[in-house]
Amino acid sequence: MRKLTTAVALATAAAALAAGTAGTASAATASAAPVPARHLALDGWTLLNEHGPGPNPGERLTAWVSARTVDGNARGHAVVQHVFETSGTVRAEFDVDCLTVDGNGAVTVTGSISRTVITPLGGEPYLFDEGRHPEAGLTFYPTDEQHQRRVGWGRTDPATHSEVTRCGAVPAGFWIVDGGTFLRG
C-alpha cells in the first residue's frame, strides 16, 4: 500500500512537472483566449502516455470525458485512471464545471475532484484525500506539427506547486496513444 501511495505522489509530481515543461507549441495554444459557446458537447476516451507517443509497458493511463454546456452552463463527468501493473490503480473523478474551446481548437474541461479512489494490487479500494475537492482539468490539443495528439492533465496540489483554475487550459504533458475525443457544437 505504501508503494501505491508513493506511486500516487510520483504520478502527481510527474503530471505537475510535465505541465510545467510543455513545449512552445503547447504554450502558444494555451495562451489563446477561449471561444464563448452556448452549446457544446465533448465525449471521448483516450489512452495516454506521459513518456512519449508510443506504448507504455507496465502502466495504463486513460482519460474519459462526457461533458455538455447548454446556455453557458457546463455539466458532465471526467475520469482519469492510472493502472500500475505491480502496485494497483489510482482513479480521479471530477464533475465538470467548465467546457471551453480556445481560438486554436484546444478543448478544456475543468471541475472539482469528487473523489480519488486508490486500489492497491490485491487490496480493497479506499478514498485518497477524502474531503478535499481540488480543481482538476483536462485539455485536448489539436494535432501538432509532428502529427502527434497531446493532452494536458492536472489538479491543484500545493505539495507539488501545481494549480488548475476553472476554465484554464492545462499545458500538454501527455501523448494520446489511442482513442480520441468528439466535439460537437
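Here the structure is shown first, and the text comes after it.
Parameters and conventions
- Residues numbered from 1 in each chain as written.
- Predicted model: local features only at pLDDT ≥ 70, side-chain atom pairs only at ≥ 80, totals over all residues.
- Heavy atoms only, no water.
- Helix = DSSP H or I, 4+ residues; strand = E, 2+ residues; numbered from the N terminus.
- Buried < 20%, exposed > 50% of the residue type's maximum accessible area, 1.4 Å probe, protein only.
- Contact = heavy atoms within 4.5 Å.
- Areas by Shrake-Rupley, 256 points an atom, 1.4 Å probe, with all protein chains shown as cover.
- Disulfide = S-S within 2.5 Å.
- Phe/Tyr/Trp six-rings, centres within 6.5 Å; stacked < 30°, edge-to-face > 60°.
- Lys NZ or Arg CZ within 6 Å of the ring centre and 35° of its normal.
- Pairing = 2+ DSSP bridges.
- Core = buried A, V, L, I, M, F, W, Y, C linked by side-chain atoms within 4.5 Å.

Explanation requested: the overall build of the protein chain in the structure shown.
Within the protein chain one finds two helices and ten strands. Along the protein chain, from the amino end to the carboxyl end, the secondary structure elements read α-α-β-β-β-β-β-β-β-β-β-β. A buried classification covers 45% of the 185 residues belonging to the protein chain. Once local pairs closer than 6 in sequence are excluded, the contacts in the protein chain between residues at least 24 apart make up 58%. Carbon together with sulfur atoms contributes 55% to the accessible area of the protein chain, which is approximately 9300 Å² in total.

I would appreciate a short explanation of the state of the cysteines in the present structure.
As used in these notes, a disulfide is a covalent bond between sulfur atoms, one from each of two cysteines. The final tally for this structure, using the stated rule, is one disulfide. Between the sulfur atoms of Cys98 and its disulfide partner Cys167 the distance amounts to 1.9 Å. Because the sign of the S-S torsion sets the handedness, a value of about 110 degrees for the bond joining Cys98 and Cys167 places this disulfide among the right-handed ones. A residue pair is termed long-range when its members are at least 10 positions apart, and Cys98 in strand β5 (residues 88–102) and Cys167 in the loop between β9 (150–155) and β10 (174–184) qualify at 69 residues. Residue Cys98 is classed as buried on the basis of its relative accessible area of 5%. Taking relative accessible area as the criterion, Cys167 reaches 26% and is therefore assigned partly exposed.

Help me understand unusual backbone geometry, please; the structure alone is not making it clear to me.
In most cases, non-glycine residues show a negative phi, while peptide bonds are predominantly trans. One non-glycine residue with positive phi stands out, namely Asp71, at about 55 degrees. Mapped onto the elements of the fold, Asp71 is located in the loop between β3 (59–70) and β4 (73–84). Relative accessible area serves as the criterion here: at 42%, Asp71 is assigned to the partly exposed category.

Teacher, can you tell me more about the environment of Asp97 here?
Following the sequence through the fold, Asp97 ends up in strand β5. What makes Asp97 buried here is its relative accessible area of 18%. Sequence separation between Asp97 and Ala136 is 39 residues, and the spatial gap between their C-alpha atoms is 10.0 Å.

Even after reading the chapter, I still don't get the packing of aromatic side chains, so can you show me in this structure?
The description of two aromatic rings rests on the distance between their centres and on the angle between their planes. Counted under the stated rule, the structure contains one aromatic pair. Seen from their ring centres, Phe94 and Trp153 are 6.3 Å apart, and the 15 degrees between their planes marks the pair as stacked. With Phe94 in strand β5 and Trp153 in strand β9, this pair connects stretches of sequence that are 59 residues apart. Per residue, the accessibility class of Phe94 equals that of Trp153, and both read buried. Across from the ring centre of Trp175, 3.9 Å away, lies the NZ or CZ of Arg150, which sits over that ring.

Would you mind showing me how to read the pairing of β10 here?
The side chains of a regular strand alternate between both faces of the sheet. As paired strands, strand β2 (residues 39–49) and β10 are joined by nine bridges and run antiparallel to one another. In the strand pairing of β10, Thr46 is matched with Gly179.

Can you help me understand the nonpolar core in this one?
Note on soluble globular proteins: their nonpolar side chains tend to be buried together. Formed by 25 residues in total, the largest nonpolar core has its most connected members in Phe94, Leu99, Val109, Leu138 and Trp153. For this core, the secondary structure elements donating two or more residues are β2, β3, β4, β5, β6 (107–120), β8 (135–140), β9 and β10. Sort the elements by how many residues they give to this core and β5 lands first, with five residues. For Leu138, the residues in contact, after removing those within four places along its chain, are Ala63, Ala78, Val80, Phe94, Val107, Thr108, Val109, Val151, Gly152, Trp153 and Val170.

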